[in-house]
Amino acid sequence: MAVTTPTRAPAPRAGTPDGPRGLRRVPRRGPGRLDKAGPFAYAVLAAITLASVFPLYWSFVVASHDDNSVLAGSTPPLIPGGHLIENIQRVFELSAFWQALGNSFIVAGTTAVSNVLLASLAGFAFAKLTFPGRNPLLVCVVITVMVPTQLGIIPLYMLVTDMGLYGKLSALIVPALVSAVGVFWMRQAIEENIPDELIEAARMDGAGLLRTYWHVIVPGVRTTATVLGMFTFMFAWNDYFWPLIALPPENGTVQIALNQLAAGYYTDYTLMLAGVVVSVLPVLVVFTVLARRIVSGVMAGAVKG
């Protein structure tokens, strides 16, 4: 009688339905790995981009037409015309727009640089230095953010008048040299991004406070400082309420000049929107230049991390 040896069935391969416990092996995703964006995400991004760009595009379209063609039909034009250069020339002929642009550049540029410098210095002191009354002073700085700007207009006007600054660009620059928001923002950035060991190492190498600030603090918060400068420039450029009070119309900023274009019994929309297009271009240039630096700083930090 022949004896047969039972043969072993081949083991099921891993990852098949017949694998251990009948489960299919699912490949793991690597850390930080994200799926590609689908059509819905692209559709949402396209809709947001269109909604953001359309007002600027429509201002450009209206500025490129004459006033009769804009008011002739019930449907606003959506295709650019051929009167843009003519309307821009009228803007500079009918108002002191060159002077207004220069005033806005001086005010916005000076306040942006001073806010970055002074806010980062104050943030460095609040974040890394120890001195009596540091926490109460920081609380006072944060409390000032909660006070509405309109409540301080009358005291600020009286102070500017007593100092002899009324009617001068310094009436806009001096009150905006540093902001409480900027100080708190830079304090948080320095606290989170600059370790205490790095400052101690700089002190052991013989660096003073200013040298530590310039060689340790500034490189570590460069991206945050760029964002602060960009937002400060945009806020000062678009400010209308305080320049309307502190400056005469003949020595105003861009927003005051645009208000003069819209004043009168008859509003020429093509003229007004041509001024808007001219006033927006410098802000777009500044935003584009600084946005590239912000993105490069973020990418550099991601690669280093």
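On a predicted model such as this, the values are computed, not experimentally measured, just so you know.

**Regarding the layout of surface pockets**
Within this model, the largest pocket holds a volume of roughly 1100 Å³. In this structure, the largest pocket is lined by 31 residues; those nearest its centre are Thr149, Pro175, Ala176, Ser179 and Phe235. Only helix H4 (97-128), helix H5 (134-145), helix H6 (153-162), helix H8 (180-193), helix H11 (222-238) and helix H12 (241-246) provide two or more residues apiece to the lining of the largest pocket. Counting residues per element, the lining of the largest pocket draws most heavily on H11, at 5 residues. Counted by class, the lining of the largest pocket contains 20 nonpolar, 10 polar and 1 charged residues. What lines the second largest pocket is a set of 18 residues, among which Val116, Arg222, Ala225, Thr226 and Arg293 lie closest to the centre. Of all the secondary structure elements, the ones that give two or more residues to the lining of the second largest pocket are H4, helix H10 (209-220), H11 and helix H14 (269-304). Sort the elements by how many residues they give to the lining of the second largest pocket and H11 lands first, with 6 residues. Here the residues of the lining of the second largest pocket are counted per class, giving 13 nonpolar, 3 polar and 2 charged.

**Brief notes about the packing of H4 against H10**
Where H4 contacts H10, the axes come no closer than 11 Å and their chain directions differ by 110°. Considering the angle they form, H4 stands roughly perpendicular to H10. On H10, the residues that touch Leu117, Ser120, Leu121 and Phe124 of H4 are Leu209, Thr212, Tyr213 and Ile217.

**Regarding the pattern of salt bridges**
Within this structure, the stated rule accounts for 3 salt bridges. A salt bridge links Arg203 to Glu200, with the nearest nitrogen and oxygen atoms 3.8 Å apart. Of this pair, Arg203 and Glu200 both sit in helix H9 (residues 196-204), 3 residues apart, roughly one helical turn. Note on Arg203: relative accessible area 37%, which makes it partly exposed.

**As for the packing of aromatic side chains**
If you walk through the whole model with that rule in mind, you get 7 aromatic pairs. Measuring from ring centre to ring centre gives 5.1 Å for Phe105 and Trp237, while their planes differ by 70°; the resulting arrangement is edge-to-face. Residue Phe105 is located in helix H4, and its partner Trp237 is located in helix H11; the two are separated by 132 residues in the primary sequence. Classification of Phe105 by relative accessible area gives partly exposed; the value is 41%. What makes Trp237 buried here is its relative accessible area of 1%. Clustering of aromatic rings is evident, with ring pairs tying together Phe92, Phe97 and Trp98.

Scoring rules and cut-offs
Residues numbered from 1 in each chain as written. Predicted model: local features only at pLDDT ≥ 70, side-chain atom pairs only at ≥ 80, totals over all residues. Heavy atoms only, no water. 1 Å grid on protein atoms, 1.4 Å probe; cavity = no way out; pocket = protein on both sides within 12 Å on 5 of 7 lines; lining within 4 Å. Points joined across faces, edges and corners; volume = space filled by probe spheres on them. Helix = DSSP H or I, 4+ residues; strand = E, 2+ residues; numbered from the N terminus. Nonpolar A, V, L, I, M, F, W, Y, C, P; charged D, E, K, R; others polar. Axes fitted to C-alpha atoms, helices over the stretch in contact; angles between N-to-C directions. Parallel < 35°, antiparallel > 145°, perpendicular 65-115°, else oblique. Contact = heavy atoms within 4.5 Å. Salt bridge = Lys/Arg side-chain N within 4 Å of Asp/Glu carboxyl O. Buried < 20%, exposed > 50% of the residue type's maximum accessible area, 1.4 Å probe, protein only. Phe/Tyr/Trp six-rings, centres within 6.5 Å; stacked < 30°, edge-to-face > 60°.

These values are about where atoms sit, not about what they do.
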